[in-house]
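What follows is each chain in one-letter form.
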Amino acid sequence: MIEVIDLVKNFGTEKTFITKVLKGISLTIETGEFTTIVGPSGSGKSTFLNVLSTLIKPTSGKVLFDNVDITTFNEDQLGKFRNKTIGFIFQNHHLFSELTALENVMMPADIADNHDKHIDHGKYLLDRVGLSDRMNYKPAHLSGGQCQRVAIARALLLSPKCLFADEPTGNLDQATTHEIFNLLEELNNEQKTTIVMVTHDEKLASRVNNTITLIDGNVIN
């Protein structure tokens, strides 16, 4: 379970100009839930997701994973937490151009220095996302949708408890968007992985059981 308590995020300093992006958010996301975050441009959606996923630190407030306050972690603790507990899918897949699909998927295991332990799982995940025949292809020879599938497999390699996704279908055509979203739904249903996804697509948001609406840094219910 993820519990957010009075979360505030400001950018800037007193000497320049302080922008208040998140204004005291408190909410709970249950384990195994598929949650979408929606709202107009500039409402704080990506900032909120980045704080939840430890990519940026909040100005104040708490983020608890299973009752552990991760906002108190130092960089070493955060690195281990990210590697073992969460996966992240970006709008731009951020694959390494010089690596094959399988090599990209295996990056989290390489960072954790346990490549051999997870190689079979990496191949399974590429098969699961429909790319068993593209394992040795580099990103330049894959479509945008295929690259995003590689990114999903990479995010799932170490079996994270929670998967964060920031507009993962934002750069894809409509047909591929639905394919990727269907895949995320299947993974959520089959593996009970908690998924938190920012999206501007209200039709996609309406398909999940929990939606958080942000307007001007506040949650609107």
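Reading guide: rules and limits
- Counting from 1, residues in each chain are numbered in the order their sequence is written.
- Note on the predicted model: pLDDT of at least 70 is required for a residue's local features to be given, and 80 or more for side-chain atom pairs to be given and counted; whole-chain, interface and lining totals, by contrast, use all residues.
- Computation of side-chain values: all heavy atoms of the structure, hydrogens and water removed.
- As used in this record, nonpolar core signifies buried Ala, Val, Leu, Ile, Met, Phe, Trp, Tyr and Cys residues forming a set joined through side-chain atoms within 4.5 Å.
- A simple rule labels every residue: compare its accessible area, found with a 1.4 Å probe on the protein chains alone, to the largest value its type can have, and call it buried under 20%, exposed over 50%, or partly exposed in between.
- Per the convention used, a helix needs a DSSP run of H or I reaching at least four residues, while a strand needs a run of E reaching at least two, with both numbered from the N terminus.
- When checking whether two residues touch, look at their non-hydrogen atoms; a contact exists if any pair is within 4.5 Å.
- Two strands pair if DSSP finds at least two bridges between them.
- Fitted lines through C-alpha atoms give the axes, limited to the stretch in contact for helices. The angle between two N-to-C directions lies from 0 to 180 degrees.
- Pairs of N or O atoms within 3.5 Å make up the polar contacts considered here, provided that, within protein, one atom can donate a hydrogen while the other can accept it, and that residues adjacent in sequence are counted only when both atoms are side-chain atoms.
- Grid points spaced at 1 Å over the protein atoms alone were grouped into cavities, where a 1.4 Å probe fits but cannot get out, and pockets, open sets with protein on both sides within 12 Å along at least five of seven lines, with lining residues defined by an atom within 4 Å of a point.
- Grid points are joined across faces, edges and corners, and a volume is the space filled by probe spheres set on the points.
- Ten residue types, Ala, Val, Leu, Ile, Met, Phe, Trp, Tyr, Cys and Pro, are classed as nonpolar, four, Asp, Glu, Lys and Arg, as charged, and the remainder, Gly among them, as polar.

A.B. asks: A description of the nonpolar core should follow, citing residues and the corresponding values.
C.D. replies: Of all hydrophobic cores here, the largest spans 36 residues; its most connected members are Ile89, Leu126, Val150, Ile152 and Leu184. Only α3 (101-105), α5 (115-128), α6 (144-156), β7 (162-166), α7 (174-191) and β8 (194-198) provide two or more residues apiece to this core. Residues within four places of leucine 126 in sequence aside, it is in contact with Ala101, Leu102, Val105, Leu131, Ser132, Met135, Val150 and Ala153. Core analysis: the second largest hydrophobic core is formed by 27 residues, Leu27, Ile37, Ile86 and Val198 among them.

A.B. asks: Could you give me a rundown of the sheet that holds strand β4 (residues 60-65), with the residues and numbers involved?
C.D. replies: An order of β2-β1-β4-β5 is seen for the four strands of this open sheet, with the pairing classed as antiparallel. One side of each edge strand has no neighbouring strand; the edge strands of this open sheet are β2 (19-29) and β5 (68-69). Where strand β1 (residues 2-11) and β2 come together, eight bridges link them in antiparallel fashion. The residue of β2 that forms the bridge with isoleucine 2 is isoleucine 29.

A.B. asks: Requested: an account of the sheet that holds β8, with residues and values cited.
C.D. replies: The six strands are arranged β6-β7-β8-β3-β9-β10 in an open sheet whose pairing can be described as mixed. Strands at the two margins of the open sheet, each flanked by one partner only, are β6 (86-89) and β10 (218-220). Averaged over all neighbouring strand pairs, the angle between strand axes comes to 25 degrees, with direction disregarded. Against the sheet, α6 touches β6 and β7, its axis set at about 170 degrees to β6.

A.B. asks: Could you give me a rundown of the side chain of asparagine 210, with the residues and numbers involved?
C.D. replies: Looking at where asparagine 210 falls in the secondary structure, it is placed in strand β9 (residues 210-215). Looking at asparagine 210, its side chain comes within polar contact range of the side chain of threonine 35, at 2.9 Å.

A.B. asks: Pulling in residues and values, what's your account of empty space enclosed by the protein?
C.D. replies: Applying the stated criterion across every chain yields a total of one cavity of 30 Å³ or more. Estimated volume of the largest cavity: approximately 70 Å³. Around the largest cavity sit Val51, Thr54, Ile56, Lys57, Pro58, Val63, Ile70, Thr71 and Leu78, which together line it. Residues that form the lining of the largest cavity fall into these classes: six nonpolar, two polar and one charged.

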